[in-house]
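# Architecture and fold: a report
Here's the letter readout for the chains.
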Amino acid sequence: AQSVAQPEDQVNVAEGNPLTVKCTYSVSGNPYLFWYVQYPNRGLQFLLKYITGDNLVKGSYGFEAEFNKSQTSFHLKKPSALVSDSALYFCAVRAKMEYGNKLVFGAGTILRVKS
Amino acid sequence: KAGVTQTPRYLIKTRGQQVTLSCSPISGHRSVSWYQQTPGQGLQFLFEYFSETQRNKGNFPGRFSGRQFSNSRSEMNVSTLELGDSALYLCASSLDRGNYGYTFGSGTRLTVV
């Protein structure tokens, strides 16, 4: 069965420093991977996805993610963190079902960026 | 282009009541999925509707049901509400049934008292 692990409940980083939010996955076949961000009392906002192609995926708001097949990882990165990046981040993998797909999410990682 | 619209944003219901949540997908999207988000269980798949038919269902009791209309709008119903049904319910629409991603609405916060 497909699964996603986000090993850190919370990541703290100073504004201006690079940030990394970790994600590992388990899936049969080729992985379709996603990152979403959630602000308080809001839905999920799409950041980026990996379907195929370059291992470095660029997304919204300056975020990027690195796909590593051998390590089954898909870590989210940003070169310079902003206080406004503070939010809850979810990694997800597409899971095939009998008649379509669903997303399987990790538990989420709280990112706190301090000024 | 309008996004995914969920109504209402907030609901307070009493145990034993029933509730109906609404989701209007992005224009042209025919697939609508529902997810439940709770602090304890995280984000869990409820069901997916495509072309007015439920295609897939998650591991939830029969009290959770839904439907989709010909204009792709979807409703989700929870009967005989329990305290544990308190959650953020998220709707997601997709053009290609999730092959390349989903767009989520802002959610409906349901509180059962």
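Notes on the structure follow. As the structure is a computational prediction, the values presented were derived from the model and not from experiment.

### With respect to the nonpolar core
- Counting 28 residues, the largest nonpolar core has Trp35(A), Leu47(A), Leu48(A), Phe74(A), Leu76(A) and Tyr89(A) as the members making the most contacts within it.
- In terms of residue count, the dominant contributor to this core is strand E10 (residues 87-97) of chain A (five residues).
- Those residues in contact with Phe74(A) that lie beyond four places of it in its chain are Cys23(A), Leu33(A), Phe34(A), Trp35(A), Leu48(A), Lys49(A), Tyr50(A), Val57(A), Ala65(A), Glu66(A), Phe67(A) and Cys91(A).
- The next biggest cluster of nonpolar side chains, apart from the first, holds 21 residues, and it includes Phe64(B), Met76(B), Val78(B) and Leu81(B).

### Observations concerning the interface of chain A and chain B
- With 21 residues of chain A in contact, the opposing surface of chain B contributes 22 residues.
- For the pair chain A and chain B, the summed buried surface comes to about 1800 Å²; carbon and sulfur atoms form 51% of the total.
- Taken together, the connections running from chain A to chain B amount to zero salt bridges.
- Where chain A meets chain B, there are seven residue pairs in polar contact (both at pLDDT 80 or more).
- Of all elements in the fold, only strand E5 (33-38), strand E6 (44-50), E10 and strand E11 (100-105) of chain A reach the threshold of two or more residues within the side of chain A that touches chain B.
- Sorting elements by how many residues they give to the side of chain A that touches chain B places E11(A) first, with five residues.

### A closer look at the side chain of Gln6(A)
Residue and element names in this part refer to chain A.
- With respect to the helices, strands and loops of the structure, Gln6 is situated in the loop between strand E1 (3-5) and strand E2 (10-14).
- The buried category is assigned to Gln6, whose relative accessible area is 8%.
- Within the local environment of Gln6, its side chain forms a polar contact with the backbone nitrogen of Cys91, the two atoms lying 3.0 Å apart.
- Not counting residues within four places of it along the chain, the set of residues in contact with Gln6 comprises Val21, Lys22, Trp35, Tyr89, Phe90, Cys91, Gly106, Ala107, Gly108 and Thr109.

### A few points about the layout of surface pockets
- Considered as a void within the structure, the largest pocket measures approximately 270 Å³ in volume.
- Forming the walls of the largest pocket are 14 residues, and the residues nearest its centre are Lys102(A), Gln41(B), Leu43(B), Gln44(B) and Phe45(B).
- Taken together, the residues that form the lining of the largest pocket break down as seven nonpolar, six polar and one charged.
- Considering only enclosed or pocket space, the second largest pocket measures out at about 240 Å³ in volume.
- Surrounding the second largest pocket, Asp9(A), Leu88(A), Phe90(A), Ala107(A), Gly108(A), Ile110(A), Gln37(B), Thr38(B), Pro39(B), Gly42(B), Leu88(B) and Arg109(B) form its lining.
- At the level of elements, E10 of chain A together with strand E4 (31-38) of chain B are the ones that each hand at least two residues to the lining of the second largest pocket.
- Looking at the lining of the second largest pocket residue by residue, the classes come out as six nonpolar, four polar and two charged.

What counts, and where the lines are drawn
Residues numbered from 1 in each chain as written. Chains lettered and ligands numbered in written order. Predicted model: local features only at pLDDT ≥ 70, side-chain atom pairs only at ≥ 80, totals over all residues. Heavy atoms only, no water. Core = buried A, V, L, I, M, F, W, Y, C linked by side-chain atoms within 4.5 Å. Buried < 20%, exposed > 50% of the residue type's maximum accessible area, 1.4 Å probe, protein only. Helix = DSSP H or I, 4+ residues; strand = E, 2+ residues; numbered from the N terminus. Contact = heavy atoms within 4.5 Å. Buried area = accessible area lost by both parts, 1.4 Å probe. Salt bridge = Lys/Arg side-chain N within 4 Å of Asp/Glu carboxyl O. Polar contact = N/O pair within 3.5 Å; in protein donor to acceptor, adjacent residues only side chain to side chain. 1 Å grid on protein atoms, 1.4 Å probe; cavity = no way out; pocket = protein on both sides within 12 Å on 5 of 7 lines; lining within 4 Å. Points joined across faces, edges and corners; volume = space filled by probe spheres on them. Nonpolar A, V, L, I, M, F, W, Y, C, P; charged D, E, K, R; others polar.

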